[in-house]
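# An overview of the molecular structure
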Amino acid sequence: MTSRTAEQVYRELGDVMANTFPDRDFSASVGPSTQVFADLGLASIDLVVLGERLELFYGRRLPYGQFLAELRNRNVEDLELGELVAFLVRHAG
Amino acid sequence: MPEVEVNGTRIYYQQSGTGPDIVLIHAVTSNQAVWVFTGMVDALSTDFRVTSYDMRGHGFSARPATGYTSADMAEDFRCLHAKLGLQPAFIVGHSFGGVVGIHAAMTAPECVAGIVLSDSFFPGLKEIEPNFGKANVWMDLKETFQTIGVDLGPVVDFTRLFRTAANLTTQQMQTLEEKVGVLGRGWLRQLPKLAETTCGDDVLAEAGLTADKIKAVSQPVVALYDEFSPFHATCAWLEQYLPACKSEIIPAAKHLAVVENTIAFSAAVRRHLHRLTGVEVRNG
């Protein structure tokens, strides 16, 4: 089975986010350094729900809770899309 | 999609793990993200089946105009419990979430095996908390709002907080968001939405959970209160009057132990849940 590429995951993530948050506008240019809280305006609960929708999309459990808890443990103020994509390539690919 | 219709509203929940049922209930103005970001869900789901949910009006659950008393929320819990086919569950409730847990133990005892409270204030016990109105977390919030020239009033008043937030100018909201940071922004932005509901008054209503009713709760209760909590009198009262209550102080916290001292809080919750359920520790 061919692993997913980062480009593919970016597209899939965009689709899942559009379906999860239909009232939000993500049409502005996004990239690896786009921050989900500061730039996309998401809240922590949005990330939790996104995780559940990503698991549904990829059809498997992801260590998403551990991923989010590690952000907090590293005192990271925000999450860059590139980091989320790297996580998905690693675990959903 | 993990949503269910219960008690006339829609509740969003998540579930993971296998084992005895644990239900996590957050505080007013919070949501289940607190259990995820602090690693509590992961820590507990190695040995338990963990259900976390957003109370009505919060997170991704629906936001009806009314029904925010602990009695209403306990009924939401009972209906969710039934819909998900849970066994009698241990509830871990932060602040008002703990009040909901105790209320459910009273009104739906068949659903509640025990309750772990995190720094809960009970409206039915307000007589023993003369300083409730000047709780430190409220004083901190007042101070933050004062920096934008807004007075939240002398005592804890959620309705005033929600309506004040709803009436902020764009500039005032932006200034507050800069102060609370990106993670606090989500919390701030939902406050005006709660102004459209009876939540503010309801969560401070006794709603039938009187001191005598609390005393009659026979399920095991663990009272985890924060070192700098404004509610130590409540903790002492619970240990004195409930037939099966153990208390413990979580150091270096002042109402949000799950966030302020996650390591100690998580260890205490897991230790007590393993003790109460008899489940062997499978991991760490």
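Residues numbered from 1 in each chain as written. Chains lettered and ligands numbered in written order. Predicted model: local features only at pLDDT ≥ 70, side-chain atom pairs only at ≥ 80, totals over all residues.

## Here we look at the overall build of chain A
We count it as follows: In this text, helices come from DSSP runs of H or I with a minimum length of four residues, and strands from runs of E with a minimum of two, each type numbered from the N-terminal end. The size measure is the radius of gyration over C-alpha atoms, and the globule rule it meets is 2.2 Å times the number of residues to the 0.38 power. Any residue with 12 or fewer other C-beta atoms within 10 Å of its own C-beta is exposed, any with 20 or more is buried, and the rest are partly exposed; the C-beta atoms used are placed from the backbone. A pair of residues counts as a contact when their C-beta atoms, built from backbone coordinates, are separated by no more than 7 Å.
When you go through chain A residue by residue, the secondary structure sums to four helices and zero strands. Secondary structure elements of chain A, listed N to C terminal, follow the sequence α-α-α-α. Scaling as 2.2 N^0.38, a compact globule of 93 residues should have a C-alpha radius of gyration of about 12 Å, and chain A matches this with 12 Å. Judged by the C-alpha coordinates and their principal axes, chain A covers about 35 × 30 × 20 Å. Buried residues in chain A amount to 26% of all 93 residues. Within chain A, counting contacts between residues at least 6 apart in sequence, those at least 24 apart form 75% of the total.

## With respect to the domain arrangement of chain B
All names here are of chain B. The line we're drawing: Domain boundaries shown here were taken from an automatic or database domain assignment. Residue type decides the class: Asp, Glu, Lys and Arg count as charged, Ala, Val, Leu, Ile, Met, Phe, Trp, Tyr, Cys and Pro as nonpolar, and the leftover types, Gly among them, as polar.
Domain parsing of chain B yields domain 1 (3-128 + 208-277) and domain 2 (132-200). Each of domain 1 and domain 2 has a C-alpha centre, and the two are 24 Å apart. Opposite the 13 residues of domain 1 that make contact, domain 2 presents 13 residues. For the side of domain 1 that touches domain 2, the residue count by class is six nonpolar, four polar and three charged.

## Quick notes on helix 10 (residues 232-241) of chain B
All names here are of chain B. Selection criterion: Regarding the arc, it is the one traced by the directions from the helix axis to the C-beta atoms.
The set of residues buried in helix 10 consists of Thr234, Cys235, Trp237 and Leu238. For helix 10, the angular spread of the buried residues around the axis is 165 degrees, confining them to a single face. Buried residues in helix 10 make contact with strand 7 (221-226) and strand 8 (245-250).

## Considering the environment of serine 70 of chain B
Residue and element names in this part refer to chain B. Following the sequence through the fold, serine 70 ends up in helix 3 (residues 70-83). Assessed through the 30 C-beta atoms surrounding it within 10 Å, serine 70 is described here as buried. Between the alpha carbons of serine 70 and glycine 208 there is a distance of 8.8 Å; along the sequence they are 138 residues apart. With near-sequence residues (within four places) excluded, serine 70 lies in contact with Val99, Val100, His103, Ala207 and Leu209.

## Thoughts on the interface of chain A and chain B
The interface is formed by 15 residues belonging to chain A together with 18 residues belonging to chain B. At the level of elements, helix 2 (44-58) and helix 3 (64-73) of chain A are the ones that each hand at least two residues to the side of chain A that touches chain B. Residues that form the side of chain A that touches chain B fall into these classes: eight nonpolar, three polar and four charged.

## As for unusual backbone geometry
All names here are of chain B. Its identity is not glycine, yet asparagine 7 carries a phi of approximately 50 degrees, on the positive side. If you trace the backbone, asparagine 7 turns up in the loop between strand 1 (3-6) and strand 2 (9-16). We classify asparagine 7 as partly exposed; it has 19 C-beta atoms within 10 Å. The phi torsion at aspartate 119 lies on the positive side, around 55 degrees, for a residue other than glycine. Counting through the fold element by element, aspartate 119 comes out in the loop between strand 6 (112-118) and helix 5 (136-146). Owing to 29 C-beta atoms within 10 Å, aspartate 119 belongs among the buried residues under this scheme.

## Considerations on the environment of isoleucine 25 of chain B
Residues and elements named next belong to chain B. Inspection of the secondary structure puts isoleucine 25 in strand 3 (residues 21-25). For isoleucine 25, a count of 30 C-beta atoms within 10 Å translates into the label buried. With residues near it in sequence (within four places) discarded, isoleucine 25 still touches Met55, Ile91, Gly93, Gly97, Val100 and Gly101.

## What to know about the sheet that holds strand 8 of chain B
All names here are of chain B. Quick note on the threshold: Two strands are said to pair when DSSP picks up at least two bridges between them. Axis definition: a line fitted to C-alpha atoms, over the contacting stretch in the case of helices. Angles run 0 to 180 degrees between N-to-C directions.
Spatial strand order, 1-2-4-3-5-6-7-8: eight strands in an open sheet with mixed pairing. What marks the edges here is a single partner per strand, and that holds for strand 1 and strand 8. Across the sheet, the mean angle from the axis of one strand to that of its neighbour is 25 degrees, orientation sign disregarded. Contacting strand 7 and strand 8, helix 10 crosses the sheet at an angle of about 160 degrees to strand 7.

## Thoughts on the pairing of strand 3 of chain B
Residue and element names in this part refer to chain B. In terms of residue burial, strand 3 counts as a mostly covered element, since five of its five residues are buried. Taking every second residue as pointing to the same face, both faces of strand 3 are buried, with Asp21, Val23 and Ile25 on one and Ile22 and Leu24 on the other. Taken together, the five bridges between strand 3 and strand 4 (residues 49-53) define a ladder with parallel strand orientation. Residue pairing for strand 4: aspartate 21 is matched across the bridge by arginine 49. For strand 3 and strand 5 (residues 89-94), the ladder comprises four bridges, and the chain directions are parallel.

## Remarks on the environment of proline 109 of chain B
Residue and element names in this part refer to chain B. Among the secondary structure elements, proline 109 is positioned in the loop between helix 4 (96-107) and strand 6. Residue classification places proline 109 among the partly exposed residues on the basis of 13 C-beta atoms within 10 Å. Separated by 61 residues in the primary sequence, proline 109 and phenylalanine 48 have C-alpha atoms spaced 20 Å apart.

## A look at the packing of helix 1 (residues 6-20) of chain A against helix 2 of chain A
All names here are of chain A. So the rule is basically this: Angle categories are assigned with fixed cut-offs, so that under 35 degrees is roughly parallel, over 145 is roughly antiparallel, 65 to 115 is roughly perpendicular, and the rest are oblique. Two helices crossing with the near one rotated counterclockwise from the far one by less than a right angle form a left-handed crossing, whereas a clockwise rotation gives a right-handed crossing.
Where helix 1 contacts helix 2, the two axes come as close as 10 Å, and the packing angle between them is 120 degrees. The pairing of helix 1 with helix 2 is recorded here as oblique in orientation. Crossing hand, helix 1 versus helix 2: right-handed. Contact with helix 1, carried on its side by Glu12, Val16, Met17 and Thr20, involves Val49, Leu50, Arg53, Leu54 and Phe57 of helix 2 and no other residues of that element.

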